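# An overview of the molecular structure
The lines below spell out each chain.
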Amino acid sequence: MNWETVIGLEVHVQLATKTKIFSAASTAFGAAPNTQACEIDLAMPGTLPVVNKQAIDYAVMFGLAIDAEIGKTSVFERKNYFYPDLPKGYQTTQLEKPIVGPGIVEIQLGNGDTKSIRIHHAHLEEDAGKSLHEGNFRSGVSGIDLNRAGTPLIEIVSEPDMRNAEDAVAFAKKLHSIVTSLGICDGEMSQGSMRFDVNISVRPQGETKLGTRTETKNLNSFKFMEDAIHLEVARQIDLLEDGGEIIQETRLYNGDTKVARSMRSKEEANDYRYFPCPDLLPVVISDEHVEKLRKNLPELPDARQQRFMDEYDLSQYDANVLSADASMGSYFEQATKHSGNAKLTANWVAGELSARLNAETISLDQSPVTAEQLAGLIIRIADNTISGKMAKQVFEGIWNGEGDADQIIEKRGLKQVSDSGALEAMVDEVLANNQAMVDDYMNTDPDKRKKKLGGFMGQIMKASKGQANPQQVSQILAQKLAKML
Amino acid sequence: MSIEKQTIENLATLARLAVDDERVEEISQRLGSVLELVDQLQAADTSGLSGLDHPLNETQRLREDKINKPNMREAFQAIAPDTEDDLYLVPKVID
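Counting of residues starts from 1 at the beginning of each chain's written sequence and follows it residue by residue. Note on labels: chains are lettered from A, ligands numbered from 1, in written order. Per-residue local features are limited, in this predicted model, to residues with pLDDT of at least 70; the limit for side-chain atom pairs, both in listing and counting, is 80 or more; totals at the level of whole chains, interfaces and linings are taken over all residues.

A few words on the overall build of chain B. Across its full length, chain B holds three helices and three strands. Note that the radius of gyration is over C-alpha atoms, with the globule rule given as 2.2 Å times the number of residues to the power 0.38. Rg of the C-alpha trace for chain B: 23 Å, well past the compact-globule value of 12 Å for 95 residues, more than 25% over. Dimensions of chain B, computed from the C-alpha atoms along their principal axes, are close to 55 × 45 × 25 Å. The 95 residues of chain B split such that 6% are buried. The secondary structure listing takes helices from DSSP runs of H or I that are at least 4 residues long and strands from runs of E that are at least 2 residues long, numbered from the N terminus. For the exposure call, what matters is how many other C-beta atoms sit within 10 Å of a residue's own: 20 or more marks it buried, 12 or fewer exposed, and in between partly exposed, using C-beta atoms placed from the backbone.

So, on to the environment of Pro-33 of chain A. In this fold, Pro-33 of chain A is placed in the loop between β1 (3–14) and β2 (51–52). Once residues lying within four places of it in the same chain are set aside, the contact partners of Pro-33 of chain A are Asp-145 and Asn-147 of chain A together with Asp-86 and Leu-87 of chain B. We call two residues in contact when the distance between their C-beta atoms, placed using the backbone, is within 7 Å.

Next up on the list: the domain arrangement of chain A. Under the domain assignment used here, chain A contains domain 1 (3–290), domain 2 (299–412) and domain 3 (420–484). Taken over C-alpha atoms, the centre of domain 2 of chain A sits 33 Å from the centre of domain 3 of chain A. An automatic or database domain assignment is the source of the domain bounds shown.

What follows covers unusual backbone geometry. Where the residue is not glycine, phi is negative for most of them; where a peptide bond is considered, it is trans in most cases. Residue and element names in this part refer to chain A. Despite not being glycine, Ala-43 shows a phi value in the positive range, around 60 degrees. Take Ala-43: it is sitting in the loop between β1 and β2. Judged by the 15 C-beta atoms lying within 10 Å of it, Ala-43 is partly exposed. Here Asp-67, not a glycine, exhibits a phi torsion of approximately 60 degrees, which is positive. With respect to the helices and strands, the residue Asp-67 is situated in the loop between α1 (53–65) and β3 (73–74).

Once that is clear, we can look at the nonpolar core. Residues and elements named next belong to chain A. For this analysis, nonpolar core means a set of buried Ala, Val, Leu, Ile, Met, Phe, Trp, Tyr and Cys residues linked through C-beta atoms within 7 Å. Membership of the largest hydrophobic core comes to 73 residues, with the highest contact counts inside it found for Ala-59, Phe-62, Ala-168, Phe-171 and Val-198. With sequence-adjacent residues up to four places away left out, Val-198 is seen in contact with Ile-7, Leu-9, Ala-168, Thr-216, Leu-219, Met-225, Ala-228 and Ile-229. The next biggest cluster of nonpolar side chains, apart from the first, holds 32 residues, and it includes Phe-308, Val-369, Leu-377 and Ile-386.

All names here are of chain A. A pair of strands counts as paired when DSSP detects no fewer than two bridges linking them. Pairing of β1 with strand β11 (residues 194–204) involves eleven bridges; the strand directions are antiparallel. Paired with Val-6 across the strands is Ser-201, a residue of β11. By the bridge criterion, four bridges tie β11 to strand β12 (residues 214–219) in an arrangement that is antiparallel. By the bridge assignment for β12, Val-198 is matched with Thr-216.

Within the open sheet, the four strands sit side by side as β8(A)-β9(A)-β3(B)-β2(B). Their pairing is antiparallel. At either end of the open sheet lies a strand with only one pairing partner, and these are β8 (130–132) of chain A together with β2 (83–84) of chain B. Where β2 of chain B and strand β3 (residues 87–91) of chain B come together, two bridges link them in antiparallel fashion. By the bridge assignment for β3 of chain B, Thr-83 of chain B is matched with Tyr-88 of chain B.

It is worth spelling out the packing of helix α9 (residues 371–382) of chain A against helix α10 (residues 388–399) of chain A at this point. Residues and elements named next belong to chain A. The N-to-C vectors of α9 and α10 enclose an angle of 160 degrees; their axes lie 10 Å apart at closest approach. What the angle tells us is that α9 and α10 run roughly antiparallel. Crossing of α9 over α10 shows right-handed handedness. Between α9, through Gln-373, Leu-377 and Ile-381, and α10, the contact on the second element is made entirely by Gly-388, Ala-391, Val-394, Phe-395 and Ile-398. Only the contacting stretch of a helix is used when fitting its axis, a line to C-alpha atoms as for every element, and angles between N-to-C directions run 0 to 180 degrees. Note that the term roughly parallel is reserved for angles under 35 degrees, roughly antiparallel for angles over 145, roughly perpendicular for angles of 65 to 115, and oblique for everything else. We call a crossing left-handed when the near helix sits turned anticlockwise from the far one by less than a right angle, and right-handed when that turn is clockwise.

Now the structure itself:
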């Protein structure tokens, strides 16, 4: 039987505010345990929450970015459950009147097609603390760090509009791109700044009724999400084809072991007994304020992609890669301003630089190679001072703090020889010293001679200590060999 | 109006309240009378009235996003039942 997969996402986005949603304690990541958990975050008796204006503005900005209705009056509610990292015994969240209503996110697929994913709503809520099950404390207990408790989140809930892992990953990446472009989230997935819950069901192709779904919670990388979806879809199809039944349940995926397990089934699911929080009044946002935020929205990824295509003549693919991340976009623009060569700059930013940053898992903001330094390197590639191969060495030097491109080229004597007289002499010498290779070339079938050129190139590059301009050498070589025929 | 025993037990579990078996009947009656009161309220004609989101018909005051909470971990942990290595300790939690 052919099966159709149906996927919906719930995405938790930590807002990049300085303070918590209901208290003035810091939200900075990585502080010593419990140093950023004040009496409000700890739910001390007699404390009252006061809403952070910036969190409201950030949520509204997200709503505007996805063309959603803004909840001009939004209401906080209590979602009641007991867990040690939730000191109040309830999570303050929104249910009936969320701050962001239905909206649309456009995604681009690998084949160039676009697809609209509907957003059901997005609401504001507080993050919980962290439970540690092992550490520098005695065994048999759990340790609680409440620094994260009260960090503002928006939870974005999609409609079940995705049909495979590719859709889901494209959607997740697009959300990442939107919230980082807006500057409302730092996008640091490894620090839990964005977490994905994936609802998955399958149904026979052509069936309109949805199958029973499972929810795989707390995925914090695009790769894990993709793997978890493949695994769960396969599990459901296997189960159904063996005559089994899907149980509605919450599942956990472990990215390291690549194994998922059931966490709790619907029967034991909590009844959260939501009710409006009496400690918080409705949040009312004026039309004027919404308009002010709309006017000041930063450039969004789609607009930036189009601008990169128009302004820098980039391909759709390059423009998409470079515009997805606001900081990468501005790095590219900065470097292009200095290098004057958009195409080559795009290749280096999306290629060598990104690969190196990924390999060392550091963000672009911490790149040891500045946009100006990269531009300096690109200028020397474009004016043929150095070859592509030398450029990699120079890049390595800049990365390691040895100075700017010109300094490294000078210091390492990396200049490419482009003087045609000198190159001709080199080619002549190699041809003269390798009569056997020349004879072999002459005796080779004309169609297959091209393959023999590599041998000469190798000799010439070796003779020049790698400094000959390869394009020029190959031209000169071809001319000389043609004359000898 | 009375509430089923199972509902009372379920609510008690969710609220982490210990309810003695012999008190279930009494609690059922008392909670039932609260629901009767709600029924009386619901009998009132509210057509043409918009609902209140909060008993105080006011809107939320917002706070500027400025840090002004110092680290008071020592004071808070001094009154906590159990701490170690700067963490609050609780009985082992397993997901």
